[in-house]
Amino acid sequence: MGEEGGFYLLGNEKHSVRLKKREARKDLKIGDSIKVFVFYNEDAETEATTRIPQTEIDQPAAFRVKNVNEIGAFIDIGTTRDILIPTREMREPLETGQVVVVVMKEDRRNRRLYASTRLTTHLSNHDINYKRGDEVEIMIAEKILIGRRVIINGKHLGVLFRQEMLRKVFTGEKMKGYIRQIEGKDITVSTQKEGMELLHDARRQILDYLSWNGGYARLNDDTPPEEINLRLKMSKKTFKKAIGMLFKEGEIVITKFGIKLAKKDAE
C-alpha cells in the first residue's frame, strides 16, 4: 500500500487500485490490510471503497428501485454509486419503489457494473447435488403463472408452486425450504417437510400451542383452512393427520368445538 495525493494505493506494483483517504480509518498505515469493494467509477477506472455492498458479481440479491428513466432503472447496493439495470436486462418494465431480485454482472468491455432481473439468463442449474427432502435456503423471486420462481442457496433456480405457499410471500424474502422434486435441470421446492417428519413437527407444534393457550384451542375438522394456517402455520390436511395421531397417543381430547390437552393420571 502506498499514497498518492488524496488517495491510498492498494495492492502491489503490478495491480493497484485507489482508495480515497477520506474513506479509510485515520490510523491506516502502509502495510496494513483493509477490506474494500472494487468498482468502476464515472471515468470507467477501477476504484476502491470501504462501503461494502450488499451483493457481489453473480450473487443474487433483492433491492428497491430508486428511480427509472429512459436507459433503465437504478438501485442502491450500498456503495458510493448506484447500479443501473439496463432496459434490455429487465425481464419486465420496472417502477420506482418496486422490490426486485437481481444478479450483478460486470461489463468488462465498457468497464462498468450492471444488474439484471433476467435470472434465467444469468443463473443456470449446473452441478445440482440436492436430493428430495434436503433443507435449503430459498429467496422469493418473480411471480410466474404457477407460483413463484425462487433462488436456492444463492445459486440455483427453482419453482415454489402456489399451493405450497402457506402464507403470502414477498419478493426478496428468504426462508427455509425443502427440495420436493428434481427433473433434469428443473427443481421444485416446498416450504414444508414431507411424510412422518412433517407430522412429527406438526404434532409438537400443536402441543406447544395448546400449552401456550391454556390447554385448549377452538380448532377442529370444521375450522376453515385459513384460520388453521393463521394460528398454526400448517395446512388443514396436516392438522387433521396430526390431531389424529395425538388423539391415538392419548395426548389430546377432541371435543365438539375444539381440542384440549388430555389430563394425565398421576403416577
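The structure we're discussing is the one just above.
These remarks concern the structure in this document. What you see is a predicted model, and the numbers here were worked out from it, not measured in a lab.

### Things to note about the sheet that holds strand 17 (residues 252-254)
Spatially, 16-18-17 is the arrangement adopted by the 3 strands of the open sheet, whose pairing is antiparallel. The sheet is open, and its two edges are formed by strand 16 (216-217) and strand 17, each paired on a single side.

### Things to note about the pattern of salt bridges
With the rule as written, the count across this model stands at 14 salt bridges. Note that Glu 106 and Arg 108 form a salt bridge whose closest N and O atoms lie 3.4 Å from each other. The residue Arg 180 makes a salt bridge to Glu 164 at a minimum N-O spacing of 3.1 Å. In this pair, Arg 180 is assigned in strand 14 (residues 174-183) and Glu 164 in the loop between strand 13 (156-161) and strand 14, connecting sequence segments 16 residues apart. Glu 164 matches Arg 180 in its accessibility class, with the two residues each being buried. Put simply, Arg 91, Glu 92, Glu 142 and Arg 149 are held in one network by salt bridges that share partners.

### Remarks on the nonpolar core
Counting residues in hydrophobic clusters, the biggest one holds 18 residues, and the most contacted among them are Ile 75, Ile 83, Ile 85, Leu 94, Val 102 and Leu 113. Elements that contribute at least two residues to this core include exactly strand 4 (37-40), strand 6 (60-69), strand 7 (72-75), strand 8 (83-86), strand 9 (99-107) and strand 10 (112-116). If sequence neighbours within four positions are ignored, Leu 113 has contacts with Phe 37, Phe 39, Tyr 40, Ile 57, Ile 83, Met 104, Lys 105 and Glu 106. Core analysis: the second largest hydrophobic core is formed by 16 residues, Leu 219, Leu 232, Ala 242 and Ile 259 among them.

### A short note on helix 3 (residues 225-232)
Listing the buried residues of helix 3 in full gives Ile 228, Asn 229 and Leu 232. Burial along helix 3 is one-sided: seen end-on, the buried residues are contained in an arc of 100°. Exposed side of helix 3, more than 90 degrees from the buried face: Glu 226 and Leu 230 are the residues found there. Tucked into the core, helix 3 has its buried residues touching helix 2 (195-212) and helix 4 (236-248). Directly beyond the C-terminal end of helix 3, a positive phi value near 55° is found at Lys 233.

What counts and how
- Within each chain, residue numbers correspond to sequence positions counted from 1 in written order.
- Under the rules for a predicted model, residues below a pLDDT of 70 receive no local features and side-chain atom pairs below 80 are neither given nor counted, while totals for whole chains, interfaces and linings still include all residues.
- Only hydrogens and water are set aside when side-chain values are computed; all heavy atoms of the structure are taken into account.
- The pairing criterion for strands is at least two bridges between them, as found by DSSP.
- By the criteria applied, helices consist of DSSP H or I runs no shorter than four residues and strands consist of E runs no shorter than two, each listed in order from the N terminus.
- In the sections that follow, a salt bridge refers to a side-chain nitrogen of Lys or Arg positioned within 4 Å of a carboxyl oxygen of Asp or Glu.
- Throughout this description, buried means an accessible area under 20% of the type-specific maximum (1.4 Å probe, protein chains only), exposed means over 50%, and partly exposed covers the range between.
- Here, the term nonpolar core denotes a set of buried Ala, Val, Leu, Ile, Met, Phe, Trp, Tyr and Cys residues that are joined through side-chain atoms within 4.5 Å.
- By definition in these notes, contact holds between two residues if any of their heavy atoms fall within 4.5 Å.
- Here the arc refers to the directions that run from the helix axis out to each C-beta atom.

Note that every value here comes from positions in space, so none of it alone points to a role or purpose.
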